[in-house]
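Architecture and fold: a report
Here's the letter readout for the chains.
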Number of protein chains: 2
Amino acid sequence: MKLMLIGFGVVGQGLVMILHDKADDLKTRYGFSPQVVGVATGSRGILYNANGLSLQKLLGAGQAGTLAHYPDEDGLERDFVDALDLIQNRDADVLVEVSPTNIRTAMPAMQHLQEAIATGKHIVTANKGPVAIGFKALLQQAKEANVHIRYESTLMAGTPAIATGLETLAGSTIQSARGIVNGTTNYILTEMENGLTYDDALSRAQQLGYAETDPTADVEGYDAAAKVLIMLNAFFGIEASLDDIDVMGITSITPEAILAATEANERYKLIASATPQGGQVKLVRLPLNDPLAHVKGATNALTFETDLMGDVTVMGAGAGQQETGLGLLADLLAIHRIVSV
Amino acid sequence: MKLMLIGFGVVGQGLVMILHDKADDLKTRYGFSPQVVGVATGSRGILYNANGLSLQKLLGAGQAGTLAHYPDEDGLERDFVDALDLIQNRDADVLVEVSPTNIRTAMPAMQHLQEAIATGKHIVTANKGPVAIGFKALLQQAKEANVHIRYESTLMAGTPAIATGLETLAGSTIQSARGIVNGTTNYILTEMENGLTYDDALSRAQQLGYAETDPTADVEGYDAAAKVLIMLNAFFGIEASLDDIDVMGITSITPEAILAATEANERYKLIASATPQGGQVKLVRLPLNDPLAHVKGATNALTFETDLMGDVTVMGAGAGQQETGLGLLADLLAIHRIVSV
């Protein structure tokens, strides 16, 4: 399987690291020996080698911060106008989209994926944009071209949520998907239960790398909202935009409110939910008999309410370099299982 | 996809009920239109119709308690010596093994599966026997014959545990699988936390249909132990027998012990675990920061400890007619996804 990576930041490098470190294991356990033939970044260079790039040299270039650092070798090409040029004019079996997400326009990732389909490449994406916005048309285009699209990493990194809803629970009808899909806010809420103020909990989240310097997207609920859009698309075939859903963050929560909930045997959680009627992100007090009430720290969890299976919950890490890389890898292996038949 | 069912008790009838009730939905959502062409029971008759049996008539015969009740129709055959005769001499794409489990010998299910492979049929089984005992050779035989074997329902019914470990977490290395895989005992422990004595909790479990009239297999830990054997095979490729693993039940637990655990902020749980070093079933006190401590009633849950994803937990129903039928259906749909490519 020949892979073309669009984007080579934390997540892209994470995938290459795993492919490098697990090469023998992947070959033995799954008969899976992928090659990375192309890597495109926005402003730090583009590489292609039909014979496969060296994963080790790629990681070196990643650490150096530019693909210009990748040494010359037989068959290496560097002269491409942009990612689209690479996608349109060079072969690969799977395009791995790991460029930065734009949740309002889905660009330029959407264009990358459209061109990938047009040139017969399967798609694995960690980029939330095209799965949140404009996904229906993309899915239709892929179906007509007989191309697979997988996007496990867009919801809870490598913790299987998309595949659980669509595949391992196949046959059940999902009535709702609701859960904790943002680790940063759950970490802050957990630390506030442990006695910290909001500001101190946020600072600690930033020190640990859970929260960005500008934490707005997390604490105002917009990262969770993007995941609601993804759940609406994935589980209910519903297209919506951020403007269509009620979004609440955690910035207004006080230590007093947290304490009052604790005393009532309840826990505040930022719950993202999607149903056939739409979606929302809401800060709610959960009773302790809800499994989601016991999800602590940066952990994520999603509960599927189904017609015949009752509630099924998956719980695990929802972010992180290797965790997201593993979600991409699980998707690649799922395509490998099918195309290698 | 033509299905042949071996066994037509609660689980087999559950599957046929779902196939009947969801026929339109399965066709629309997955392009899946299976036919049941054969059904074999031990002593209540055998049916085969290459054109497909009527699901409605099958359900009627199931309710009547004998396939003799199935009315005559064009192409119907009833004269078979036994299930093996049917498997060896009639076609089907998939054999669904839902006959009663024998956890010591795996018979006669093992023979059914061997003959299914020999005649080129894929396998979906809810029968724990052949996945617990002698599975390695069976898997090898299937691999050589290019036949799929799926067995989701053997572990936690339709709650995806096998597929999570093998497929949706593919790429991660599982270091251990530990969880609550017997709903009856978890229900009893939960009711004892609510103040019931062991005997009263067991009676209530029997009234609700969670526990059998002879509850030995559940309360002595042997059902959980069978699932340990299945986990050892599935996740670590290790063959073992019941004699190889330490098995503990819940019959010795007292209300005093339950109370002491509660006062120490801990909960008694019957934990089944499998690692590359072996497996066990043990009644342990879990601290409340373990997600398994919050699994209540008849619910099951399994935590995978992995190399790069940390802990991933799946939680849901672990038994029941339609829940087990849905596990079989998810397996059938997984085969359908691959063979229909």
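See the structure shown above.
Right, let's walk through the structure included here. Since this is a predicted model, take the numbers as computed values, not measurements. (Residues numbered from 1 in each chain as written. Chains lettered and ligands numbered in written order. Predicted model: local features only at pLDDT ≥ 70, side-chain atom pairs only at ≥ 80, totals over all residues. Heavy atoms only, no water.)

Next up on the list: the packing of aromatic side chains. Applying the stated criterion across every chain yields a total of six aromatic pairs over all chains. With centroids separated by 5.1 Å and ring planes inclined at 75 degrees, the aromatic side chains of A:Phe135 and A:Tyr151 adopt a geometry described as edge-to-face. With A:Phe135 in helix 7 (residues 135-144) and A:Tyr151 in the loop between strand 6 (149-150) and helix 8 (153-156), the pair connects residues that are 16 residues apart, well separated along the chain. Judged on exposure class, the residue A:Phe135 and its partner A:Tyr151 are both buried. The interplanar angle of 85 degrees and the centroid separation of 5.2 Å between the aromatic rings of B:Phe235 and B:Phe304 together place this pair among those described as edge-to-face. With B:Phe235 in helix 13 (residues 222-236) and B:Phe304 in strand 11 (residues 299-306), the pair connects residues that are 69 residues apart, well separated along the chain. You'll find B:Phe235 and B:Phe304 in the same group, each marked buried. Sitting over the ring of A:Tyr48, A:Arg90 keeps its end group 6.0 Å from the ring centre. (Phe/Tyr/Trp six-rings, centres within 6.5 Å; stacked < 30°, edge-to-face > 60°. Helix = DSSP H or I, 4+ residues; strand = E, 2+ residues; numbered from the N terminus. Buried < 20%, exposed > 50% of the residue type's maximum accessible area, 1.4 Å probe, protein only. Lys NZ or Arg CZ within 6 Å of the ring centre and 35° of its normal.)

By a simple turn and slide, chain A fits onto chain B: the slide is 0.0 Å along the axis, the RMSD is 0.0 Å, and the turn is 180 degrees. The operation mapping one copy onto its partner corresponds to a two-fold rotation axis. If distances are taken from each C-alpha of chain A to the rotation axis, the shortest is found for A:Val314, at 2.3 Å. Taken as a fraction of all interface residues of chain A, those also at the interface in chain B reach 100%, which identifies the copy contact as same-surface. (Least-squares fit on C-alpha atoms with pLDDT ≥ 70 in both. Contact = heavy atoms within 4.5 Å.)

Residue-level contacts link 39 residues of chain A with 39 residues of chain B. Carbon and sulfur atoms supply 62% of the area buried between chain A and chain B, which totals about 3,300 Å² over both sides. Together, A:Thr168, A:Leu308 and A:Met309 form the three largest contributors to the area buried by chain A at its contact with chain B, with a combined 19%. Summed over the shared surface of chain A and chain B, the result is two salt bridges. Among the salt bridges present, the one from B:Asp307 reaches A:Lys22, with a minimum N-O distance of 2.6 Å. When grouped by side-chain class, the residues that make up the side of chain A that touches chain B number 20 nonpolar, 11 polar and eight charged. (Buried area = accessible area lost by both parts, 1.4 Å probe. Salt bridge = Lys/Arg side-chain N within 4 Å of Asp/Glu carboxyl O. Nonpolar A, V, L, I, M, F, W, Y, C, P; charged D, E, K, R; others polar.)

The values reported here are purely geometric and, on their own, carry no functional implication.
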